[in-house]
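If you want the building blocks of each chain, they are given just below.
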Amino acid sequence: MTHLFFDIRKLQKLDEKRSPMFEKNRFAKVMVYIGIAFWAAYLVLFGVLLPSAFSEGFPGMEPYHILNKGLLIVLTLDFLVRFLFPTPIQEVKPFLLLPVPKRKVMAALLLREAINPFNFFWLFFFVPFALLSVTRFYGLAGIVGYALGVWLLTVMNSYWSMLIRVLKRQRFIYICWCLPVYGLLALLEFLPDTHWVSTFTMNWGEGFILWNPFAFLGALTGIGLMGFINYKVQLRLIYNELSRVEDTKIKKISDYAFLDRYGNVGEYMRLELKMLFRNKSPRSQFWSLIVITVLFALALTFGLYEESGMNGFICLYCYCAFGLATLSQIMAIEGNYIDGLMVRRESVYNMLRAKYYVQCGMLAIPFIFCLVPVCNGEITLSMDLAYLFFTAGIIFPGMMQMAVYNDKTAPLNTGLMGKRQNNNVYQTVIVVASLTVPLLVNSGLELLLGTTGSYIAMSVLGLTGFLTHRLWINNIYTRFMARRYRNMEGFRNTR
């Protein structure tokens, strides 16, 4: 098993180096490392500041007691973040062709998940916190026990998150399996005069500090149980995941006949909608982003970010989240059939127009959700409309510039994480700019024109971009055609 583990790791490193995108991904990796360092510094800062805050805000209790009461909150955040990661079931396929038992391969990949570097990431927060709150009572031994216990909890949480992610890849509705678990925990916590969950986690965390063997045994039991469930479930689903068996049930499928009146552009709009709702990868991405949009709209409704002044960013993210995810990969899915697109003149131009119209139509979804906080008085209608128009007329045109530079094919029926989809330099820069430049523009206009005037100016800019869409789409098309042979070679090499 040990030899197999290291062989798998070696093969995966070679796979990364042999990828056609290896050289192009170096900039993206540097940006990722900078982002990791940034968040690690934030966690260290919180770990240093919270002990004094807890001491003043909760007299009579030690700071580590307060933090341990909130361990479930930390684990829930960790659970959500892990949805960005791939699952081992996506990495097994190459090894099924080798004379190696798939059970051993799966066990090796589950072991690799246990020692995933991300499982140590929360220690940037807990270790500084323990140094300032645990040392004076239990010394270095207490810090080591606390850090070890937190690491075991994150390992258990990683297996729990992996299980839900694997089930979600089969049917998106399976994500609801986590709802009764967290619902039961919330019920036990918020029953009158109980607080069973926070009391349990407080005692469990203190057990780690005191090196209580039952505390560590409980964590190890949870890891073993979740690991075993993952092992059984993934072995059962592995061939369903990799064989991509087509659904043979007869379904009523809309042919979007109302698009016939729009000629060739309507045909490509129909193709875009069918691609979005009939292929596993785009469909899963669509529903995931709808859930995220709903959550952010709820955050706006209840004013969770009002005091921090982030309402503008949250409103902007509601509108551009789906566009950022899909338009940053524009032409990547079309790389599966790029040769067919190049047969007829101006096919790409009509397809780009169709993509833009569909994306603008999709903005109706976040607009409906954002009307709730508007009616609730948390945000103004002028802000809502300003970010709506600015997204359609400025952000989307900027994102669609990626049609010129994207040259890597994206899969249709596997998750985006299943086939390495690393960003190139242009994607990283444009995505970051799309999330920051609108806020900077709004701040600058607000200084010059006031709050209402800035929103009116942003709306005018957005409408101008929308009304001139044929001009800048034609510019994108011309530049794409100048690079078409280079891009087509990249699409073919990464299918």
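Residues numbered from 1 in each chain as written. Predicted model: local features only at pLDDT ≥ 70, side-chain atom pairs only at ≥ 80, totals over all residues. Heavy atoms only, no water.

J.: What is the right way to read the environment of T391 from this model?
T.: For T391, the location among the structural elements is in helix α17 (residues 381-399). Separated by 74 residues in sequence, T391 and Y317 place their C-alpha atoms 9.6 Å apart. Those residues in contact with T391 that sit more than four places away from it in its chain are L316, Y319, C320, L363, F396 and P397. In terms of polar contacts, T391 uses its side chain to reach the backbone carbonyl oxygen of Y387, at 2.6 Å. (Helix = DSSP H or I, 4+ residues; strand = E, 2+ residues; numbered from the N terminus. Contact = heavy atoms within 4.5 Å. Polar contact = N/O pair within 3.5 Å; in protein donor to acceptor, adjacent residues only side chain to side chain.)

J.: Before we go on, may I ask you to explain helix α21 (residues 484-493) in this structure?
T.: Residues lying three or four places apart along an α-helix face the same way, a consequence of the helix completing one turn every 3.6 residues. For α21, the full list of buried residues reads N487, M488, G490 and F491. What you see down the axis of α21 is that its buried residues fit within an arc of 160°, all on one side. Facing away from the buried side of α21 by more than 90 degrees, the exposed set consists of Y485, R486 and N493. The elements touched by buried residues of α21 are α14 (338-341), α18 (402-405) and α20 (469-482). (Buried < 20%, exposed > 50% of the residue type's maximum accessible area, 1.4 Å probe, protein only. Arc of directions from axis to C-beta.)

J.: Honestly, empty space enclosed by the protein in this entry has me stumped. Any pointers?
T.: To find leftover empty space, a probe the size of one water molecule is rolled over the atoms. In the structure shown here, the tally under the stated rule is five cavities of 30 Å³ or more. Volume-wise, the largest cavity comes out at about 240 Å³. Along the walls of the largest cavity sit 21 residues, with M275, P282, Q285, T326 and I333 positioned nearest its centre. Looking at the lining of the largest cavity, the elements that each hand over two or more residues are α11 (263-278), α12 (280-301), α13 (311-327) and α15 (347-362). Elements supplying a minimum of two residues to the lining of the second largest cavity: α12, α13, α15 and α16 (364-376). (1 Å grid on protein atoms, 1.4 Å probe; cavity = no way out; pocket = protein on both sides within 12 Å on 5 of 7 lines; lining within 4 Å. Points joined across faces, edges and corners; volume = space filled by probe spheres on them.)

J.: Sorry if this is basic, but what is going on with the nonpolar core here?
T.: Where a protein is soluble and globular, its nonpolar side chains tend to be buried together. Core analysis: the biggest nonpolar cluster contains 66 residues, and I330, M331, L352 and M400 have the highest contact counts within it. The greatest single-element share of this core, amounting to eleven residues, is contributed by α13. In this view, L352 contacts I330, M400, A403, I473, I476 and Y477; residues no more than four positions away in its chain are not counted. Residues Y64, Y146, A147 and C178 belong to the second largest nonpolar core, which totals 50 residues. (Core = buried A, V, L, I, M, F, W, Y, C linked by side-chain atoms within 4.5 Å.)

J.: Looking at this model, I keep getting lost on unusual backbone geometry. Mind explaining?
T.: Leaving glycine out, the prevailing phi sign among residues is negative, and the prevailing peptide bond configuration is trans. Positioned with a positive phi, W211 is a non-glycine residue whose angle comes to about 55°. Looking at the secondary structure, you find W211 in the loop between α9 (196-209) and α10 (213-243). Positive phi, normally seen in glycine, also occurs at M331, with a value near 75°. Turning to its location among the elements, M331 is positioned in the loop between α13 and α14.

J.: Is there a simple way to think about the confidence of the model for the protein chain in this case?
T.: Regions with low pLDDT carry predicted coordinates that are not meant to be interpreted in detail. With 84% of its residues at a pLDDT of 70 or more, the protein chain shows a mean pLDDT of 80. For the protein chain, helix α1 (residues 2-18) is the element with the lowest average pLDDT, namely 68, and α20 is the one with the highest, namely 91. Predicted confidence is poor over residues 415-422, with pLDDT under 50, and the contacts of this stretch with residues over four places away or in other chains come to 25 contacts. (pLDDT = per-residue confidence, 0-100.)

J.: Would you mind going over a nonpolar patch on the surface with me for this structure?
T.: A surface patch of nonpolar side chains, amounting to about 1,000 Å² of accessible area, comprises F38, W39, Y42, V44, L45, F46, V48, L49, F124, L131 and L132. For the nonpolar patch, the secondary structure elements donating two or more residues are α2 (26-57) and α6 (123-133). No other element matches α2, which puts eight residues into the nonpolar patch. Position of W39 relative to the elements: it lies in helix α2. (Patch = residues over 30% accessible without salt bridge, like charges linked within 9 Å, V, L, I, M, F, W, Y side chains within 5 Å. Areas by Shrake-Rupley, 256 points an atom, 1.4 Å probe, with all protein chains shown as cover. Salt bridge = Lys/Arg side-chain N within 4 Å of Asp/Glu carboxyl O.)

J.: Mind showing me how you'd approach the packing of helix α7 (residues 135-170) against α9 here?
T.: Two elements in contact, α7 and α9, have axes separated by 6 Å at closest approach and are oriented at 130°. If you check the angle between α7 and α9, you find them oblique. From α7, Y138, G142, G145, Y146, G149, L153 and M156 reach across to α9, where they touch W204, G205, E206, F208 and I209. Residue composition of the contact of α7 with α9, by class: seven nonpolar, four polar and one charged. (Axes fitted to C-alpha atoms, helices over the stretch in contact; angles between N-to-C directions. Parallel < 35°, antiparallel > 145°, perpendicular 65-115°, else oblique. Nonpolar A, V, L, I, M, F, W, Y, C, P; charged D, E, K, R; others polar.)

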